[in-house]
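# Chains, contacts and geometry: an overview
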Amino acid sequence: MAQVVIKRLTKTFPPPTKGGDPVVAIGDISLEVEGNVFASIVGPSGCGKSTLLNILSGVETPTSGTVSVTESGRPAHLGYVFQDARLLPWRTVMDNMLYVRDDGEAGETRATRYLDMVGLSHTHDMFPGQLSGGMQQRVGIARAFSVEPDLLLMDEPFSHLDAITARSLRDHLQELWSATRKTVLFVTHDVVEAVQLSDRIIVLAPGGRIFDDITIDLPHPRRATDPKVATLQAEILGRFEEMHPAPAPA
Amino acid sequence: MTAAPVALPEAPAPQGGLRRWLASPVGAQITAAVVFIGAWQLLTVIAPRVPGPAVVANFLFVEITGGPHGGIVRGQFFEHFAVTLQRFSLGLFFGFISGLLVGILIGSSSLARALLSDTVLVLLTMPAFVWAFLTTMWFGITWQAPVLTVAFSAFPFVAINVAQGVRAIAPELRNMSTAFEVGKWKQFRHLTVPAVAGYIFAGLRFAIIIGWNGILLSEWFSGQAGVGFRTRYWFDANRYRGFVGWVIVFIVFIVLVDRVILNRLQARAFRWRDQKEVDFIEIEEEQVGL
Ligand SMILES: Nc1ncnc2c1ncn2[C@@H]1O[C@H](COP(=O)(O)OP(=O)(O)OP(=O)(O)O)[C@@H](O)[C@H]1O
Ligand SMILES: [Mg+2]
């Protein structure tokens, strides 16, 4: 049950070309996420979603403002699922799991448990290059859960996958989440996916500002085909139209 | 690498065993050796001062077994070879370790790159004989001269390759490690080293070949023992069979090191990559219905 507090955060990157304008990835964001919440961050490409997660995980530093990620007063442990699997190609699946947290036998038991949960119990000794893209992504998900993080960051984990694989991984994810109830920050640009998975949707607008903050009060796990989910999806997609009005039909 | 040759069906039906044998790796090597020895023999017909293969083989036999070369001179082989090998390993060790460290430094810090990369480039262009001369001038006829010649000639090849490898490490994997709070030492062992392994091997290969040349030169100029010294001894004595014999020893050694030791090491280090290749071939086999 982590607590994420973001205060007046901005992030500016140096101009990509000499003499150009600096790139504002995050304009001015203040945000709190707390408890056993599955929160999604939705927004168009380039609005600073990945940058936000990178700042939270310590890969990038803020330009101004503060972020704190704590778990009952101490710095929280993080798990991170990336857009691509990011496995070490020279280590087996099991060794990749142990790379991020190796505490002997306990580590191996945990790794085995989470690999089982994503249906990869037969791949322990295989190298990433021997797995399909979807399988690699599942290892990435198992790896993030296996460190038993206080906060789980996920950056478009399904966007590189075909629709069928993505759907089955979403179900896997919901199962894992229902079993563990971590605090999750889930980045996606797929509103439909966000509605199916989250308790809360934070919508970012271009320029890295918060556009909307929506609470979704439906029980987990949710089926993509559930009519209540579908209705809500349509409604929220409608709100998006306000941000990017569709051209009127001719 | 050492992946077993896989017999995929060739488009035209293979015509007889001989052709197929010639095309196999072992067959090709043996054929090349036979052609080479034949050409060498032919050369002795045209230029009678060139010692032929049989004469040289006989010389090497006497030299290795310590028999009499005629007169009071007896064969000496292992003592020279051992001396050279010791100096070579020591020099290579120093050159390799310092190259590795400097390479990692240059690859990971832009300050180090600014300060050191030009120096390394200058060293890279320095021919081995310059080191052989300089070290002899500094140390005289001592063991330091050949050891340092090897170290100096090996160092820049390792450094430059390793630096390139470190720069090529995927930042995504680096970020992943940061996000999961993987320790610095663990990152070094399991991310940096394996990612750079290919570059380390490339550097080591060059270093060994360049260093081996360096030691021959150094011992030629300033040795009182060693392969280079012995080669010169026969050259000065106008015994070209001895000279050619030792040159052959020199070449055969380096080829063996490269083919046997380095290839083995490399195959082990890249098990993860070979695994994939083997798999790929297996899939191909399935597809062609073997
Ligand atoms: N390391 C960097 N250096 C310079 N500019 C960067 C860097 N990282 C991101 N940016 C810029 O910051 C902006 C936000 O990028 P970010 O990757 O956070 O977007 P995103 O919302 O994740 O987009 P997408 O949905 O396409 O992944 C972009 O304009 C991008 O060009
Ligand atoms: Mg992104």
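Residues numbered from 1 in each chain as written. Chains lettered and ligands numbered in written order. Predicted model: local features only at pLDDT ≥ 70, side-chain atom pairs only at ≥ 80, totals over all residues. Heavy atoms only, no water.

## Examining the pattern of salt bridges
Think of it this way: side chains of opposite charge can pair up when their charged atoms draw near. Using the criterion set out here, one finds 14 salt bridges over all chains in the structure. Salt-bridge contacts for Arg113 of chain A lead to Glu148 of chain A; the nearest nitrogen and oxygen are separated by 3.3 Å. Within this pair, whereas Arg113 of chain A is found in helix H3 (residues 105-117), its partner Glu148 of chain A is found in the loop between helix H4 (133-146) and strand S7 (151-155), the two being separated by 35 residues in sequence. For Arg113 of chain A, a relative accessible area of 38% gives the class partly exposed. When its relative accessible area of 32% is taken as the criterion, Glu148 of chain A is described as partly exposed. Close ionic contact of Glu63 of chain B with Arg230 of chain B constitutes a salt bridge, the shortest N to O distance being 2.7 Å. Of this pair, Glu63 of chain B sits in helix H3 (residues 53-65) while Arg230 of chain B sits in helix H10 (residues 227-236), and the two are 167 residues apart along the sequence. The same class applies to Glu63 of chain B as to Arg230 of chain B, namely buried. Overlapping salt bridges, with partners in common, bring together Arg101, Asp103 and Arg110 of chain A in one network. (Salt bridge = Lys/Arg side-chain N within 4 Å of Asp/Glu carboxyl O. Helix = DSSP H or I, 4+ residues; strand = E, 2+ residues; numbered from the N terminus. Buried < 20%, exposed > 50% of the residue type's maximum accessible area, 1.4 Å probe, protein only.)

## A word on the side chain of His220 of chain A
Residue and element names in this part refer to chain A. Looking at where His220 falls in the secondary structure, it is placed in the loop between strand S10 (209-215) and helix H7 (227-243). For His220, the side chain forms a polar contact with the side chain of Asp199, separated by 2.6 Å. In contact with His220, not counting residues within four places along its chain, are Gln174, Trp177, Ser178, Arg181, Leu197 and Asp199. (Polar contact = N/O pair within 3.5 Å; in protein donor to acceptor, adjacent residues only side chain to side chain. Contact = heavy atoms within 4.5 Å.)

## A few points about the domain arrangement of chain A
Residues and elements named next belong to chain A. Considered domain by domain, chain A is made up of domain 1 (1-77 + 151-158 + 167-245) and domain 2 (83-148). Regarding the contact of domain 1 and domain 2, the summed buried area is about 1200 Å², with carbon and sulfur atoms giving 73% of it. The interface formed by domain 1 and domain 2 holds 0 salt bridges in total. At the junction of domain 1 and domain 2, the tally comes to 4 residue pairs in polar contact (both at pLDDT 80 or more). For the side of domain 1 that touches domain 2, the secondary-structure elements that each account for two or more residues are S7 and helix H5 (163-180). Tallying contributions element by element places H5 first for the side of domain 1 that touches domain 2, with 7 residues. Among the residues making up the side of domain 1 that touches domain 2, the classes are represented as 9 nonpolar, 2 polar and 3 charged. (Domains from an automatic or database assignment. Buried area = accessible area lost by both parts, 1.4 Å probe. Nonpolar A, V, L, I, M, F, W, Y, C, P; charged D, E, K, R; others polar.)

## Regarding a negative patch on the surface
Residues and elements named next belong to chain A. A contiguous patch of negative charge on the surface is contributed by Asp95, Asp102, Glu105, Glu108 and Asp125. Looking at the element boundaries, Asp125 is found in the loop between H3 and H4. What makes Asp125 exposed here is its relative accessible area of 64%. (Patch = residues over 30% accessible without salt bridge, like charges linked within 9 Å, V, L, I, M, F, W, Y side chains within 5 Å. Areas by Shrake-Rupley, 256 points an atom, 1.4 Å probe, with all protein chains shown as cover. Lys, Arg positive; Asp, Glu negative; His and termini not counted. Charge placed at Lys NZ, Arg CZ, Asp CG, Glu CD.)

## What about the environment of Ser50 of chain A?
Residue and element names in this part refer to chain A. Structurally, the position occupied by Ser50 is in helix H1 (residues 49-56). Residues Ser50 and Thr188 lie 138 residues apart in sequence; the distance between their C-alpha atoms is 9.6 Å. Sequence-distant contacts of Ser50, defined by excluding residues within four places in its chain, comprise Tyr80 and Asp155.

## Observations concerning the side chain of Thr44 of chain B
Residue and element names in this part refer to chain B. Inspection of the secondary structure puts Thr44 in helix H2 (residues 25-46). When its relative accessible area of 14% is taken as the criterion, Thr44 is described as buried. Polar side-chain contacts of Thr44 include one of 2.4 Å to the backbone oxygen of Gln41.

## Examining the packing of helix H6 (residues 128-139) of chain B against helix H7 (residues 144-167) of chain B
Axis angle and axis distance: for two packed helices, these are the angle between their axes and the distance between the axes, and together they describe the pair. Residue and element names in this part refer to chain B. At a closest axis distance of 8 Å, the pairing of H6 and H7 adopts a crossing angle of 145°. The two elements H6 and H7 cross, and the hand of that crossing is right-handed. Contacts between H6 and H7 involve Ala128, Trp131, Ala132, Thr135, Thr136, Trp138 and Phe139 from the former and Gln144, Ala145, Leu148, Thr149, Phe152 and Ser153 from the latter. Partitioned by chemical class, the residues of the contact of H6 with H7 number 8 nonpolar, 5 polar and no charged. (Axes fitted to C-alpha atoms, helices over the stretch in contact; angles between N-to-C directions. Left-handed = near helix turned anticlockwise from the far one by under 90°.)

## With respect to the interface of chain A and chain B
With 25 residues of chain A at the interface, the matching set in chain B holds 21 residues. Roughly 2100 Å² is buried in total at the junction of chain A and chain B, and carbon and sulfur atoms are behind 68% of that figure. When the buried area of chain A at its contact with chain B is split by residue, Arg86, Trp90 and Tyr99 of chain A rank highest and sum to 36% of it. For the interface between chain A and chain B, the tally reads 0 salt bridges. On the surface where chain A and chain B come into contact, there are 6 residue pairs in polar contact (both at pLDDT 80 or more). Breaking the side of chain A that touches chain B down by element, the ones donating at least two residues are strand S6 (78-81), helix H2 (93-100) and H4 of chain A. Split by residue class, the side of chain A that touches chain B holds 15 nonpolar, 6 polar and 4 charged.

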